[in-house]
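# Descriptive structure summary
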Amino acid sequence: MEARGLSRDFGSLRAVDGVDLSVKRGEVYGFLGPNGSGKSTTLRMLCGLLRPSEGQIRVLDLPVPEQAEELKRRIGYMTQKFSLYEDLTVSENLQFLASIHGLSYRLAKQRIEESLSRYRLDKLRRQLAGTMSGGQKQRLALAGCLLHQPELLLLDEPTSAVDPQSRRDFWAELFQLADAGVTLLVSTHYMDEAERCHRLAILERGRLVADGTPADLCRELPADVFSLSGTRLREAETWLTERNEVLGTAQIGSHLRVLAERGSGDELRSALSNEGFEFDWSNTPANLEDVFVAATRAKGETRQ
Ligand SMILES: Nc1ncnc2c1ncn2[C@@H]1O[C@H](COP(=O)(O)OP(=O)(O)OP(=O)(O)O)[C@@H](O)[C@H]1O
């Protein structure tokens, strides 16, 4: 999948702004970004549901949106709200989706039985979708968008309504699909999910502000991370957040995690000492949350 200069305007709002993306087959590619940063709009353009204002897209060797109809036969799209028919049973939801994809009666029956068993839905087959738990709905939505065996699956915040165990199980399913050659594009708010992706794009106000493997993004972070412990941590945090070179702070238990501009550590440390704070100070490796905070904060500021 390739996108070049992808943009989308809604009236005067530029929701997606000049995004370049490249995703290989079988890759699990994550979209990370704050609310309203353009993740859903990007996914919707990539699957041909929304026409870009500018830019070129090629998905599974098809130009989009020109060949969006052909593409729709080869992709699956799972929305944030799962898009289930709540007044239909589990089986009826799957039968309906199979008919939309034009599966023959025999093939539909076979694939529905397989997916009821694979996604642990067989005992729920007569239950109305609207009465199921978040995790069960998620499994049904996944089963539904795989019935026609798509080569590419787009998932828009698929785990926002489910508990941690369901999220783990769900990700195990996603990796099985990737191992079988399915390409996955997943938008998420969760850092632990982003860390699982082979590659990651970070979006901020419609722009691509970072792109790479989670390990590379952490290693190449153009900022330093420090851990502080001591007394008056809350006061130290307030003092630090007022410094321009500090990009972010977070209290984690009895430690304060500080993300700051590269090379600013020594000065910050002595300035904090001069203010009368007593603390232990150590450098610590960056994690994806640091990458996210640095990418979104730095770019956000330059555009104001
Ligand atoms: N159909 C639309 N009409 C007008 N504005 C829209 C439309 N769809 C999206 N937007 C706006 O475009 C921006 C990007 O929205 P989008 O849903 O793509 O963000 P997102 O990163 O997926 O957010 P979230 O994490 O909250 O789902 C937002 O400001 C949103 O209000």
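Residues numbered from 1 in each chain as written. Predicted model: local features only at pLDDT ≥ 70, side-chain atom pairs only at ≥ 80, totals over all residues. Heavy atoms only, no water.

The name given to the protein chain in an unreviewed UniProt entry is ABC transporter ATP-binding protein, with Pseudomarimonas arenosa as the source organism.

Here, UniProt's "domain: ABC transporter" (unreviewed entry) annotation points to residues 1-230. What you have in residues 1-230 is 34% helix and 30% strand, and the ends, taken at the C-alpha atoms, are 49 Å apart. (UniProt positions renumbered as here; feature names shortened; annotations may be inferred. Helix = DSSP H or I, 4+ residues; strand = E, 2+ residues; numbered from the N terminus.)

Next up on the list: the side chain of Ser-264. Inspection of the secondary structure puts Ser-264 in the loop between strand E13 (255-261) and helix H10 (265-274). Taking the relative accessible area as the measure of exposure, Ser-264 reaches 9% and is therefore buried. One polar contact links the side chain of Ser-264 to the main-chain carbonyl oxygen of Glu-261, over a distance of 2.6 Å. In contact with Ser-264, not counting residues within four places along its chain, are Asp-224 and Glu-245. (Buried < 20%, exposed > 50% of the residue type's maximum accessible area, 1.4 Å probe, protein only. Polar contact = N/O pair within 3.5 Å; in protein donor to acceptor, adjacent residues only side chain to side chain. Contact = heavy atoms within 4.5 Å.)

Looking now at the site of the ligand. Among the 14 residues in the neighbourhood of the ligand, the closest are listed as Gly-36, Lys-39, Ser-40, Thr-41 and Glu-157. In this structure, an oxygen atom belonging to the ligand sits 2.9 Å away from a side-chain N or O atom of Glu-157. With respect to the ligand, the side chain of His-189 contributes an N or O atom lying 3.3 Å from an oxygen atom. For the ligand, whose unbound accessible area comes to 640 Å², protein coverage reaches 62%. It is helix H1 (residues 39-46) that contributes the most residues to the shell around the ligand, three residues altogether. In terms of residue class, the shell around the ligand is built from four nonpolar, eight polar and two charged. (Near = heavy atom within 4 Å. Areas by Shrake-Rupley, 256 points an atom, 1.4 Å probe, with all protein chains shown as cover. Nonpolar A, V, L, I, M, F, W, Y, C, P; charged D, E, K, R; others polar.)

The geometry of a pair of packed helices is captured by two quantities: the angle between their axes and the separation between those axes. Where helix H3 (residues 90-100) contacts helix H5 (residues 134-146), the axes come no closer than 9 Å and their chain directions differ by 25°. As far as their axial angle goes, H5 and H3 are roughly parallel. Handedness of the H3/H5 crossing: right-handed. Contacts between H3 and H5 pair Val-90, Asn-93, Leu-94 and Leu-97 from the former with Leu-140, Ala-143 and Gly-144 from the latter. (Axes fitted to C-alpha atoms, helices over the stretch in contact; angles between N-to-C directions. Parallel < 35°, antiparallel > 145°, perpendicular 65-115°, else oblique. Left-handed = near helix turned anticlockwise from the far one by under 90°.)

As a further point, take the sheet that holds strand E11 (residues 223-230). The strand order across the open sheet formed by four strands is E12-E13-E11-E14, and the pairing between neighbours is antiparallel. Of all strands in the sheet, those bounded by a partner on one side alone are strand E12 (246-252) and strand E14 (279-283). Taken over all neighbouring pairs, the strand axes of this sheet differ in orientation by 20° on average, direction set aside. Sheet topology places E12 next to E13; six bridges connect them, and they run antiparallel. (Pairing = 2+ DSSP bridges.)

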